[in-house]
Every structure is written in C-alpha cells, then in structure tokens.
Amino acid sequence: MPQPVSSGPEFSPLMRNFDLDSLYLEYRRDTAYTSTYNRFAAANITIDPLLRILGERFPLDYDKVYDLALAEYYVIAGMNCMGLKVDVSKYFTVEEYRRMWSVFNFRQYLLYSASTLSQRPARLAAPLLRDIITAADDALQGKSTASAKLRFGHAETLMPLLALMQVPGCYYLTNYYDTVADNWRDYESFPMAANLQLVYFSSPSGTVYVKAYLNEQPVKLLRGSKSDIVSWKQLRLHLYELLPLDY
C-alpha cells in the first residue's frame, strides 16, 4: 500500500533555509531593507517604456505605476529565457533596460547576498557549507563510499552560499549602492543552471587537493592564491573560518 508523502521547504532545510530562518524572515520585513530597496527602485525605475506602449493618455494608477513598469521589464526579460525571440530595442533603450535590470539585481543582492545592510542572507548558507565540509571529510576518511554528492537548489540557494564562501564576483560589500550593478551581477554568477563544483583528488604523496569550478569555469576560493588548485587542508580551514559562530 503506498505510503503518504509530503513536500515543502521544511523537508529540505539545507537548500531552502531562506523559507525557514526566523531572523532572515524578520530582516525581509524590516524597514531597513524595504526603505533601502524602495529608494533605489524609485531612483532607477523609468516609466517611459510603459508610456510608449500604453500611450500618454492611458489612465494609469500612479500608486501602481512602478509595479507595472517592472512587470513590463520582467515579461520582456523572461521571453528569451523561455525560448521566445524578442527584440528588446522595440521596448527599451539600452540605458532603460540596464536601469530596470539593476533594480531587480539590487533586490536579489539585498535578499540573498551579504551586504552592509545585513549579513543574515549569507549566514543562511552556514548549515549547507558545514554539510559540504563534513561530506568531503567523510569521503576522504573512508567513512562514506560516495564518489560524488549532488545538491539541487535554485539561485536563492547559491547566492547565500557563494557569498558566505566569499567567491569572487559573489561577495561585494559597499555603502555606495549605485556600484552594485558593476560588481555583483546576477546573470554573470547565477545564470540558468548555475553550479558550483568542488573536485577532490590525491597526489602521489597522499595530499588531497581541491579544484573549484563556478559555472564550469575555474575559480579561486583562497584569497591571494596564485593557483586554482589548493590543498583541502588549507581550504577546509578557510571555510571553517567563514562559518558564523552562531551556527
């Protein structure tokens, strides 16, 4: 007889901690976040593309006009992802499109990465990072026979993890939020099918080394390292030092 099954974020806490962490959920409701995002959005959202479609005389509800302007951007930006060809230049100038993207990018940055506003989003990934370290140790010490461990999530899982690990391009702290779009780009580090790979191998001496790949491209996880390949002992120590004390 089939057994009853359930699903939901509570069954995958390592991958969906952003749905479960009470302090993070409190941060999302905090005026520090909402006011910072709203100020940035107000300074960068342009309604000109919306007016070009609807016409100057369209009876817009100006309490909702920013939401409509963003909705237009989301639809156009999402079409290429869905395999639907669209000529963006029919709707936006290059500058308009970039400004609208920067608003979405800034929201992702504040919600899922480390920022001067809050480190809580990055700290969400602490249990996952600890699990990655433990799984590697178990395999290398012979406590596990697994030759690979796969974890599946979304960008909202990778963004906190890579921020906590301070991966280049995924960790950027600034009080000048207009510089975020030039230094933290969602489409660059977290495209469709974004992935982080840690490949472990042993030298003839028995020393275990690690090579990391972000989206199939080598990435240096140790600041100042001249090589993509580092010893697991060094990297392990570095990753443990990044783990917050309250996890």
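Computed from a prediction, not measured in an experiment: that's the story for all the values here.

## A closer look at the overall build of the protein chain
Okay, so step 1: Scanning the protein chain from N- to C-terminus turns up 11 helices and 4 strands.
Okay, so step 2: With respect to the three principal axes, the spread of C-alpha positions in the protein chain is 75 × 55 × 40 Å.
Okay, so step 3: Sorting the 247 residues of the protein chain into buried and exposed places 39% on the buried side.
Okay, so step 4: Taking as baseline every contact in the protein chain between residues at least 6 positions apart, the subset at least 24 positions apart corresponds to 61%.
Okay, so step 5: Element-wise, carbon and sulfur atoms account for 55% of the exposed surface of the protein chain, whose accessible area totals about 14700 Å².
Okay, so step 6: A distance of 6 Å separates the average location of the 25 positive side-chain charges in the protein chain from that of its 26 negative side-chain charges.

## A closer look at the side chain of T36
Okay, so step 1: Its place among the elements puts T36 in helix α2 (residues 31–44).
Okay, so step 2: When residues no more than four places from it in sequence are discounted, the contact partners of T36 are T31, F106, L110, L117 and Y177.

## Re the pairing of strand β2 (residues 208–214)
Okay, so step 1: Here strand β1 (residues 196–202) pairs with β2 via 7 bridges, running antiparallel. Bridging from a neighbouring strand, S202 pairs with V208 of β2.
Okay, so step 2: Following β1, the chain reverses through 5 residues before pairing antiparallel with β2; G206 in that reversal takes a positive phi of roughly 100°.
Okay, so step 3: Pairing of β2 with strand β4 (residues 229–231), which is carried by 3 bridges, proceeds in the antiparallel orientation. Across the sheet, residue Y209 finds its bridge partner in β4, namely S231.
Okay, so step 4: Taken together, β2 and the strand that follows it, strand β3 (residues 217–218), pair antiparallel across an intervening segment of 2 residues, in which N215 is found at a positive phi of about 55°.

## Comments concerning the nonpolar core
Okay, so step 1: L161 and L162 are the most contacted members of the largest nonpolar core, which totals 68 residues.
Okay, so step 2: Of all the elements, helix α5 (residues 94–112) adds the most residues to this core, at 8 residues.

So, how was this worked out
- Residues numbered from 1 in each chain as written.
- Predicted model: local features only at pLDDT ≥ 70, side-chain atom pairs only at ≥ 80, totals over all residues.
- Heavy atoms only, no water.
- Helix = DSSP H or I, 4+ residues; strand = E, 2+ residues; numbered from the N terminus.
- Buried < 20%, exposed > 50% of the residue type's maximum accessible area, 1.4 Å probe, protein only.
- Contact = heavy atoms within 4.5 Å.
- Areas by Shrake-Rupley, 256 points an atom, 1.4 Å probe, with all protein chains shown as cover.
- Lys, Arg positive; Asp, Glu negative; His and termini not counted.
- Charge placed at Lys NZ, Arg CZ, Asp CG, Glu CD.
- Pairing = 2+ DSSP bridges.
- Core = buried A, V, L, I, M, F, W, Y, C linked by side-chain atoms within 4.5 Å.

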